[in-house]
Amino acid sequence: MNHPLPIAYCKNTIRQATRMTCLICAFAAPLLYAENTHTTSLPIPLSLESAVLMSLDANPDLMVESFEPLIAGTFVQRERARFHPAIFAELTQREIRSSETARATGEQFDAEIEQTQLRGGIEQRFSTGTDVTLSAGQSAESSNRAPDQDEASITLSFTQALLQGAGRNVNLAAIEKAQLDLDISISELRGYIETLVANVERAYWQFWLAKETIDIASQALDVAQKQLDNLQQQIAVGQIASNEEAVARAELARRRQTLIDARADAQKRRIELLALIAPQQLDTAYTPISLPEPPVAETDTSLQERIKLAERYRPDLQEAKMRLEQRNLDTVVTRNGRLPRLDFFAELAKVGYGPSTSDAWSDISGSGYDVQAGIRLHYTPGRSAERAREDEAMFRQEQAVAAIENLRFQIGSRVRMARYELERAIKQIEASAETLLHQQKTVDAEVERFQVGTGTALLVAQAQRDLLSVMIAEKEAQVQARLALLDLFLAEGSLLDRRGFAMNASDTGIDTHPYIMQYSRDQGIIDAEGHGPDPFSEEWHRALEQRANKQP
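Residues numbered from 1 in each chain as written. Predicted model: local features only at pLDDT ≥ 70, side-chain atom pairs only at ≥ 80, totals over all residues. Heavy atoms only, no water.

A. Quick look at the overall build of the chain. Of the regular secondary structure elements, the chain holds 15 helices and ten strands. Sorting the 552 residues of the chain into buried and exposed places 42% on the buried side. Considering only contacts within the chain whose residues lie at least 6 apart along the sequence, 76% involve residues at least 24 apart. With an accessible surface of roughly 29500 Å², the chain has 52% of that area assigned to carbon and sulfur atoms. (Helix = DSSP H or I, 4+ residues; strand = E, 2+ residues; numbered from the N terminus. Buried < 20%, exposed > 50% of the residue type's maximum accessible area, 1.4 Å probe, protein only. Contact = heavy atoms within 4.5 Å. Areas by Shrake-Rupley, 256 points an atom, 1.4 Å probe, with all protein chains shown as cover.)

B. Expanded view of the pairing of strand β7 (residues 341–354). Across twelve bridges, the pairing between strand β5 (residues 149–161) and β7 is antiparallel. Bridge pairing links E151 to Y353 in β7. The pairing of β7 with strand β8 (residues 369–378) spans ten bridges and is classified as antiparallel. Bridged to F345 within β8 is G374. (Pairing = 2+ DSSP bridges.)

C. Seen up close, the packing of helix α7 (residues 173–236) against helix α13 (residues 457–492). Where α7 meets α13, the axes come as close as 10 Å, and the angle between the chain directions of the two elements is 170 degrees. When the axes of α7 and α13 are compared, the pair comes out roughly antiparallel. Looking at the contact of α7 with α13, its residues break down into 16 nonpolar, six polar and eight charged. (Axes fitted to C-alpha atoms, helices over the stretch in contact; angles between N-to-C directions. Parallel < 35°, antiparallel > 145°, perpendicular 65-115°, else oblique. Nonpolar A, V, L, I, M, F, W, Y, C, P; charged D, E, K, R; others polar.)

D. Main features of the nonpolar core. Membership of the largest hydrophobic core comes to 57 residues, with the highest contact counts inside it found for L46, L56, V200, L273, I277 and V415. Each residue touching I277, except ones within four places of it in the same chain, is listed here: L46, A51, M54, S55, A58 and V200. If you look at the next biggest cluster of nonpolar residues, it comprises 16 residues, including A210, A224, A248 and V460. (Core = buried A, V, L, I, M, F, W, Y, C linked by side-chain atoms within 4.5 Å.)

E. Examining the confidence of the model for the chain more closely. The pLDDT averaged across the chain works out to 78; a share of 81% of its residues lies at or above 70. Averaged over each element, pLDDT in the chain is lowest for strand β10 (residues 518–519) (36) and highest for β8 (91). Here residues 1–40 scores under 50 on pLDDT; set against residues more than four positions off or in separate chains, the count is 80 contacts. Scored below 50 in pLDDT, residues 504–537 makes 106 contacts in the model with residues more than four places away or belonging to other chains. (pLDDT = per-residue confidence, 0-100.)

F. Examining the environment of A463 more closely. Structurally, the position occupied by A463 is in helix α13. In the structure, A463 is positioned 17 residues away from E446 in sequence and 7.3 Å away in space, judged by C-alpha atoms.

G. Region of the structure containing the packing of aromatic side chains. By the definition in use, this model includes three aromatic pairs. Members of the aromatic cluster, connected to one another through ring pairs, are Y204, W205 and W208. (Phe/Tyr/Trp six-rings, centres within 6.5 Å; stacked < 30°, edge-to-face > 60°.)

H. Focus on the pattern of salt bridges. Under the definition given, this model contains 28 salt bridges. Residues R341 and D343 are paired through a salt bridge, measuring 3.0 Å at the closest nitrogen-oxygen approach. The exposure class of R341 is partly exposed, given its relative accessible area of 32%. Residues E492 and R498 are paired through a salt bridge, measuring 3.1 Å at the closest nitrogen-oxygen approach. (Salt bridge = Lys/Arg side-chain N within 4 Å of Asp/Glu carboxyl O.)

I. Representation of the pairing of strand β3 (residues 108–125). Relative to strand β4 (residues 130–143), β3 runs antiparallel, the two sharing 13 bridges. Its bridge partner lying in β4, I122 is registered against L134. The turn linking β3 back onto β4 is made up of four residues, and G129 within it adopts a positive phi angle of 90 degrees.

J. Quick peek at helix α9 (residues 303–313). Burial in α9 covers these residues: L303, R306, I307, L309, A310 and Y313. Summarising the axial view, the buried residues of α9 lie within an arc of 160 degrees, below the 170-degree limit, and thus occupy one face. (Arc of directions from axis to C-beta.)

K. The arrangement of α7 in detail. When the terminal C-alpha atoms of α7 are compared, their 93 Å separation across 64 residues agrees well with the 94 Å that a helix rising 1.5 Å per residue should span. After α7 finishes, the residue G238 shows a positive phi value of roughly 80 degrees. (Expected span 1.5 Å × (residues − 1).)

L. Spatial organisation of the side chain of S47. Note on placement: S47 falls in the loop between β1 (44–46) and α3 (48–58). For S47, a relative accessible area of 8% corresponds to the buried category.

M. Quick peek at the packing of α9 against helix α12 (residues 384–451). The geometry of α9 relative to α12 is characterised by a closest axis approach of 10 Å and an angle of 135 degrees between their N-to-C directions. The orientation of α9 relative to α12 falls into the category oblique. Of the two elements, α9 crosses α12, and the hand of that crossing is right-handed. Where α9 approaches α12, its residues L303, Q304, R306, I307, A310 and E311 are matched on the opposing element by R408, I411, G412, V415, R416, R419 and Y420. Across the contact of α9 with α12, the residue classes break down as six nonpolar, two polar and five charged. (Left-handed = near helix turned anticlockwise from the far one by under 90°.)

Below, the structure written as structure tokens:
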């Protein structure tokens, strides 16, 4: 919470945060290939990793969101500036024309006086509630009734708050609240990036599924065409009745419809993906090359470990905790605001006099001085407004505590549901593979029955139609398992760290600069193939700690 905010450094890191990842050599090859083949008609191979990196570099919404921490950082600087020393200077020219009466004679006469005063120095407010001023000044006075008189002085004065406004905890509260606003902004940016990465992965797998559906529908169309050709030959030689041809043609038309819908859906999914990763290249043809490997190993971790991980890494929970810290600071400030204003002030001046400026400064070491001290009290009877503000702060504090507990409950529920959904999706992969095996045997049996004359073309068409649905369902099960794993990582709040990205390691107990989103491949978090240690092991947390210690 005490890290400084160098604005220039912050600008560089935030603006380069979403660009630096695309320079990683591990994923550079697909991107370079994409640039070199942009003018050709061949689809450009696109891996899941490349899609994520492209989104972090080119997504316009992310560019807009990345300015929020910069804006929040300016408020920290503004609050810190209240305790910076300030230099002041003032020049005063005064002319007086009045009528005076001599005490000895009672005679009335006109008096003309000219005064010139120059004063300058340095003043500073301290977090203890102390105001200190060190100044030097000189004044010159000329009159038609008295000889010229110059005065030089060096003055040290300070004021110390004794009740209201006293103490570092009160005076630094505004800075700490601004710092918390900055940390909250960083947490919100992390949550936004996490959502963006999840949306890209989700769009990528939907695009992959659409492309697989096209391949399956194309194969099914070829099979239906071959069956129609064979059927026409059998009708021509009189082996079967001619009315069987209508069934085959109807099935061929259905396959064409399925292929048309699959191609349209693939175009839609492609545009949805490109809108996230390359909004300026919506007409570019890409083809997904990553495969949705079944996440079987992810079910080995216990549910309680995942809930603990979520309480540690969920950005919304971290934000809620920081909101509670702000409410605690509000309570401190409002409680202090109910006290009366009681200040002790003192001023010590060393003074020199003379008929000229030089004589006055020469006399500064003489016996002339000016000392004053006192106590100033300001109190508003009743203090109803202050009591109301304190009550509001206490209610908001209790509200923040309740919000955290409610959020913990929701996070636990979401992790549980995501875990159960992942288990279901993994079982569906096995079940769909078994269904596909038996459905293929069913099709073979119907074809054999039709060939020996005991079956009909309609039964064959229905069996093949069911086979087409089962083949697509098998691919859907694979994608659903990947999406279920993605939802589980989102529920944990560990998606960015599992993908090798990190923005803030302060939640691991390490005090580090929060603005850096650093790709951790070269920091030892993941290897060149994108694999890393078990995220629940000590090795993983040691890697995080080593990375954090390397950051400025």
